[in-house]
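# Examination of the molecular architecture
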Amino acid sequence: MTVGQRIAQKRKEQALSQEALGEVLGVSRQSVYKWESGSALPEIDKLITMSRLFGVTTGWLLGVEEEVKAAPAESGELTDTQLKMVEEIVTRYLAAQQPVKRRRWPWAAGAAAGLALLLALSSLRGELQTMQNQYNALQSSVNSVTSSVNTQIHGITARVEEVLKAQNTLTVRYGTEIISADLAAGTISFSAYAVPKTYTEGMTAVFIVDDGFGPTEIPGELGENQTFSAGLACKLTDGISISVVFVTGEVRETQLLESYCNLYGESLPYADYYNPHSAMMWKKPNEQGELDWSGEYAYFCRQDGASSDGGSSRIGRSEIQFLQVGLFRNQKLLGWLTPCDQPKNYHSFEDGTFYQFPDVSVTPQAGDVFTVSAVIVDEYGREFVVRGIPYGMNPEFGEMTSVDGGWVGWDDPADWEYP
């Protein structure tokens, strides 16, 4: 991935718009767009801020997968000492510009000092530009190597898969198709067909559908051109496989035809929410060492149709019947958020509901994961949890940051504790 793609990925994980990210960084939405489209690179200070915002290293943002602990001049990051030096140079330079009534020779000495500071500032800017150029060169090199390796791996994998399929396939052609789904009953039906590569007189076929609760065998009907077919039905789950078994005498040969993933999840109502970034990210414990969310807000947007990335369900979605938003620690409820009017400092929010955090205070422990998640019941009485972005205490900064690798999406309520 490019730097822009990595920034876009982390921005979306934080549920931030380009405009919202720009506000955090003090830049325009157009600047963020240019970064993500690859037409421009963010400045070093913006990279540092985004690394802290996203909970990743600047090396990761630049495409270096391993965290490189290099000297500041090599990594491009300024130390606190260097940042203070820049501030001191600028302060002295500005002070030198103030009109002061002095005799001629002291004024000349001040001008010389100001010139020296200007030269030092110019030199430091040159060093910063050199480091930026080193970043660009490193990024280009890493991207080139990564692209080349990925291309080779993809090509080798494709060829291996083709060889294995050619050697192991029992069919000339085959296919499966979703016919219908009954969300109220929690069932789904398919059609399947398969033409054996080697057909012998008296051969039969059995189609097997496995929904995770056990396989079901359906005899195949022999039609024209040695084509076996069958209609299949099973429970609607997130892991369904369909296979065919060709039977010749006592010999049974099986081939997997298709695996369907996440069909049950696709049937649930899609619900998205504006991540309560200001209430979670960078939150610090108070003087008592507790996290306190009093007076904080979250925004939840109901979307019963297609997901925000444009993906739609293959079997249709149900509608939300009941929704409740809660603050959770390690998937245990700390308190429910309550619906409220839109706060005055929030703008451009539509088709959703604002929620106020409960008045709870907790002492964070190492390894704690906090989320703002929603418990939803759909029109068919199916209950599930929409897990929010996970946050945890960052010991380096002493504040909350997003936890990398955390699952975001729908989850089984059996894994959560709430009334």
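What this report covers is the structure whose coordinates are included nearby.

Let us now look at the overall build of the protein chain. Of regular secondary structure, the protein chain possesses ten helices and 21 strands. Relative to its full complement of 419 residues, the protein chain shows a buried share of 37%. Partitioning the contacts of the protein chain with sequence separation of at least 6, the portion at a separation of at least 24 is 66%. If you sum the accessible surface of the protein chain, you get close to 23,900 Å²; carbon and sulfur atoms cover 51% of it.

Here the focus is helix α3 (residues 29–37). Where α3 is concerned, the buried positions are Val 32, Trp 35 and Glu 36. Here the buried residues of α3 occupy an arc of 90° about the axis, which is enough to place them on one side. Tucked inside the fold, the buried residues of α3 contact α1 (3–13), α2 (18–25) and α4 (44–54).

Moving on, we come to the pairing of strand β19 (residues 391–394). Here β19 pairs with strand β20 (residues 399–402) via four bridges, running antiparallel. By the bridge assignment, Tyr 391 is partnered in β20 with Ser 402. Between β19 and β20, which pair antiparallel one after the other, the connecting turn spans four residues, and Gly 398 there sits at a positive phi close to 70°.

Residues other than glycine seldom take positive phi values, yet Gln 226 does so here, at roughly 55°. Residue placement: Gln 226 occurs in the loop between β5 (221–222) and β6 (228–235). Residue Gln 226 is classed as partly exposed on the basis of its relative accessible area, which comes to 38%. In the Ramachandran plot, Trp 282 falls in the positive-phi region, its phi being about 70° despite a non-glycine side chain. Looking at where Trp 282 falls in the secondary structure, it is placed in the loop between α10 (277–280) and β10 (291–292). A residue is classified by how much of its surface remains accessible, and Trp 282, at 30% relative accessible area, is partly exposed.

Right, let's talk about the sheet that holds β5 for a bit. Overall, antiparallel pairing links the four strands, which are arranged β1-β2-β6-β5 in an open sheet. In the strand order of this sheet, the two ends are held by β1 (171–182) and β5, each with one partner.

Let us now look at the packing of α2 against α3. How two helices sit against one another is set out by the angle between their axes and by the gap between those axes. Where α2 contacts α3, the two axes come as close as 8 Å, and the packing angle between them is 110°. When the interaxial angle is binned, α2 and α3 end up roughly perpendicular. Where α2 approaches α3, its residues Gln 18, Glu 19, Leu 21, Gly 22 and Leu 25 are matched on the opposing element by Arg 29, Val 32, Tyr 33, Trp 35 and Glu 36. Residues of the contact of α2 with α3, tallied by class, amount to five nonpolar, two polar and three charged.

As a further point, take the sheet that holds strand β4 (residues 215–219). To summarise the sheet geometry, strands pair through backbone hydrogen bonds and adopt either a parallel or an antiparallel arrangement. Taken together, four strands build an open sheet; the order of strands is β4-β3-β7-β8 and the sheet is antiparallel. The outermost strands of the open sheet, each flanked by one partner alone, are β4 and β8 (251–261). On average, each strand axis in the sheet is tilted by 20° relative to the strand beside it, whichever way the strands run. In this structure, strand β7 (residues 239–248) lies alongside β8, joined through ten bridges in antiparallel fashion. When the bridges of β8 are listed, Val 247 appears paired with Arg 252.

We describe a pair of aromatic rings using the distance from one ring centre to the other and the angle between the two ring planes. Scanning the model with the defined rule gives eleven aromatic pairs in all. Residues Phe 328 and Trp 336 carry aromatic rings whose centres are separated by 6.3 Å and whose planes lie at 90° to one another, so their mutual orientation is edge-to-face. Accessibility expressed as a relative area gives 21% for Trp 336, which makes it partly exposed. By the ring-pair criterion, three or more aromatic residues cluster together here, those being Phe 328, Trp 336, Trp 416 and Tyr 418. A cation over a ring is seen here: Lys 235 above Phe 213, with NZ or CZ 4.4 Å from the ring centre.

Turning our attention to the pattern of salt bridges. Enumeration over the complete set of coordinates arrives at ten salt bridges. The shortest N-O distance in the salt bridge between Arg 11 and Glu 36 comes to 2.6 Å. With Arg 11 in helix α1 and Glu 36 in helix α3, this residue pair connects regions lying 25 residues apart in the sequence. Summarising the burial analysis for this pair, Arg 11 and Glu 36 share the class buried. Across the pair Glu 266 and Arg 314 runs a salt bridge whose closest N-O atoms are separated by 2.9 Å. With Glu 266 in helix α9 (residues 263–267) and Arg 314 in the loop between β11 (297–302) and β12 (320–329), this pair connects stretches of sequence that are 48 residues apart.

Scoring rules and cut-offs
- Residues numbered from 1 in each chain as written.
- Predicted model: local features only at pLDDT ≥ 70, side-chain atom pairs only at ≥ 80, totals over all residues.
- Heavy atoms only, no water.
- Helix = DSSP H or I, 4+ residues; strand = E, 2+ residues; numbered from the N terminus.
- Buried < 20%, exposed > 50% of the residue type's maximum accessible area, 1.4 Å probe, protein only.
- Contact = heavy atoms within 4.5 Å.
- Areas by Shrake-Rupley, 256 points an atom, 1.4 Å probe, with all protein chains shown as cover.
- Arc of directions from axis to C-beta.
- Pairing = 2+ DSSP bridges.
- Axes fitted to C-alpha atoms, helices over the stretch in contact; angles between N-to-C directions.
- Parallel < 35°, antiparallel > 145°, perpendicular 65-115°, else oblique.
- Nonpolar A, V, L, I, M, F, W, Y, C, P; charged D, E, K, R; others polar.
- Phe/Tyr/Trp six-rings, centres within 6.5 Å; stacked < 30°, edge-to-face > 60°.
- Lys NZ or Arg CZ within 6 Å of the ring centre and 35° of its normal.
- Salt bridge = Lys/Arg side-chain N within 4 Å of Asp/Glu carboxyl O.

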